[in-house]
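Below, each chain spelled out in residue letters.
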Amino acid sequence: MKIGREFLSFAVAGVIGFVVDVTVLYLLAPLLGWYGARVVSFLAAATTTWLYNRRYTFAASAAGAATGRSVWREYLGYLTTMLAGAVLNYGTYVLTLHWVEGRWAAALGVALGSIAGLGANFLSARYLVFRSHRSGG
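Only a predicted model underlies this, so the values are computations on that prediction, with no experimental measurement involved. (Residues numbered from 1 in each chain as written. Predicted model: local features only at pLDDT ≥ 70, side-chain atom pairs only at ≥ 80, totals over all residues. Heavy atoms only, no water.)

## A few points about the overall build of the chain
So the rule is basically this: Going along the chain from the N terminus, every DSSP run of H or I of four or more residues is numbered as a helix, and every run of E of two or more is numbered as a strand. Three labels apply to residues, based on accessible area from a 1.4 Å probe with only protein chains included: buried if under 20% of the type maximum, exposed if over 50%, partly exposed otherwise in between. The contact criterion used is simple: two residues touch if any of their non-hydrogen atoms lie within 4.5 Å. Computed with the Shrake-Rupley method and a 1.4 Å probe, the accessible areas treat only the protein chains shown as cover for residues.
Of regular secondary structure, the chain possesses 5 helices and 0 strands. When the helices and strands of the chain are read in sequence order from the N terminus, they spell out α-α-α-α-α. For the chain, the proportion of its 137 residues judged to be buried stands at 40%. Of the contacts made within the chain by residues no fewer than 6 positions apart, 75% connect residues no fewer than 24 positions apart. On the chain, roughly 7400 Å² of surface is accessible, and the fraction owed to carbon and sulfur atoms is 72%.

This is how it looks when you write it as structure tokens:
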């Protein structure tokens, strides 16, 4: 089933994005604080997942979409449609930082936030960003 394969690939992109997210977060937190660094780390992770999803998860749709619009427009569309997931993600992150203490609280917040936003982000990517030239579901 195509949607199952896409979801699995989207989840793989999410794991890669999680690694980028946590790495950037911990590198920038001493400079920007946990909340400011989280905004930058989220954007780095979203860019990484867009690249992966464009190349692998929704490759046929991305190739078709590229002929009708610019890559930058697709990228900005991806970031825009990820906003619902971003709100769930960041909200979960903030709540986790308020409820959990310790060195790995921020990483746990990123992980829980990623899970919280996964469904909204997948549906947005599949049906809004990479919908062009997709056959069936």
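## Side note on the packing of helix H4 (residues 83-99) against helix H5 (residues 105-129)
Quick reminder of the rule: Where helices are involved, their axes are fitted lines through C-alpha atoms of the stretch in contact, as for all axes, and angles between N-to-C directions lie from 0 to 180°. Here is the rule for angles: anything less than 35 degrees is roughly parallel, anything more than 145 is roughly antiparallel, 65 through 115 is roughly perpendicular, and the remaining ranges are oblique. Handedness of a helix crossing follows the sense of rotation of the near helix relative to the far helix, less than a right angle counterclockwise being left-handed and clockwise being right-handed. Residue type decides the class: Asp, Glu, Lys and Arg count as charged, Ala, Val, Leu, Ile, Met, Phe, Trp, Tyr, Cys and Pro as nonpolar, and the leftover types, Gly among them, as polar.
Viewed as axis vectors pointing N to C, H4 and H5 meet at an angle of 155 degrees, and their least axial separation amounts to 7 Å. Here H4 is positioned roughly antiparallel relative to H5, judged by the angle of their axes. Judged by the sense of rotation from one axis to the other, the crossing of H4 with H5 is right-handed. From H4, Gly85, Ala86, Leu88, Asn89, Thr92, Tyr93, Thr96 and Leu97 reach across to H5, where they touch Ala105, Ala106, Leu108, Gly109, Val110, Leu112, Gly113, Ser114, Ala116, Gly117, Ala120 and Asn121. Partitioned by chemical class, the residues of the contact of H4 with H5 number 11 nonpolar, 9 polar and no charged.

## Concerning the packing of helix H1 (residues 2-57) against helix H3 (residues 71-81)
Interaxial distance between H1 and H3 falls to 15 Å at its minimum, and their mutual angle equals 115 degrees. On the basis of the axis angle, H1 is roughly perpendicular to H3. Contact with H1, carried on its side by Phe10, Ala46, Thr47, Thr49, Trp50, Asn53 and Arg54, involves Val71, Glu74, Tyr75, Tyr78 and Leu79 of H3 and no other residues of that element. Counted by class, the contact of H1 with H3 contains 7 nonpolar, 3 polar and 2 charged residues.

## Focus: the UniProt feature "transmembrane region" (unreviewed entry) in the chain
Note the threshold: UniProt positions are given in the numbering used here, feature names are shortened, and annotations may be inferred rather than shown by experiment.
The sites that UniProt annotates as "transmembrane region" (unreviewed entry) are residues 7-29, 35-54, 75-100 and 106-129. The span residues 7-29 carries 100% helix and 0% strand; its end-to-end C-alpha distance comes to 31 Å. End-to-end, the C-alpha atoms of residues 35-54 are 28 Å apart, and along that stretch the chain is 100% helix and 0% strand.

## Considering the packing of aromatic side chains
As a reminder of what qualifies: Here is the rule: rings of Phe, Tyr and Trp (six-membered ring for Trp) pair when centre to centre is within 6.5 Å. Planes less than 30 degrees apart are stacked, more than 60 are edge-to-face, and the remainder are tilted.
Following the criterion strictly, the structure yields 13 aromatic pairs and no others. Look at phenylalanine 7 and phenylalanine 122: their rings are 5.1 Å apart centre to centre, the planes differ by 85 degrees, and that puts the pair in the edge-to-face class. Separated by 115 residues along the polypeptide, phenylalanine 7 in helix H1 and phenylalanine 122 in helix H5 bring together distant segments of the chain. Overall, the relative accessible area of 35% leaves phenylalanine 7 in the partly exposed class.

## With respect to the nonpolar core
We apply this condition: Nonpolar cores are built from buried Ala, Val, Leu, Ile, Met, Phe, Trp, Tyr and Cys residues. Side-chain atoms within 4.5 Å join them into one set.
Membership of the largest hydrophobic core comes to 14 residues, with the highest contact counts inside it found for Phe10, Trp50, Phe58, Tyr78, Ala125 and Phe130. Broken down by secondary-structure element, the contributors of at least two residues to this core are H1, H3 and H5. When residues in this core are grouped by element, the largest group, 4 residues, is from H1. Formed by 11 residues, the second largest nonpolar core is a distinct cluster that contains Val22, Val94, Leu97 and Val110.

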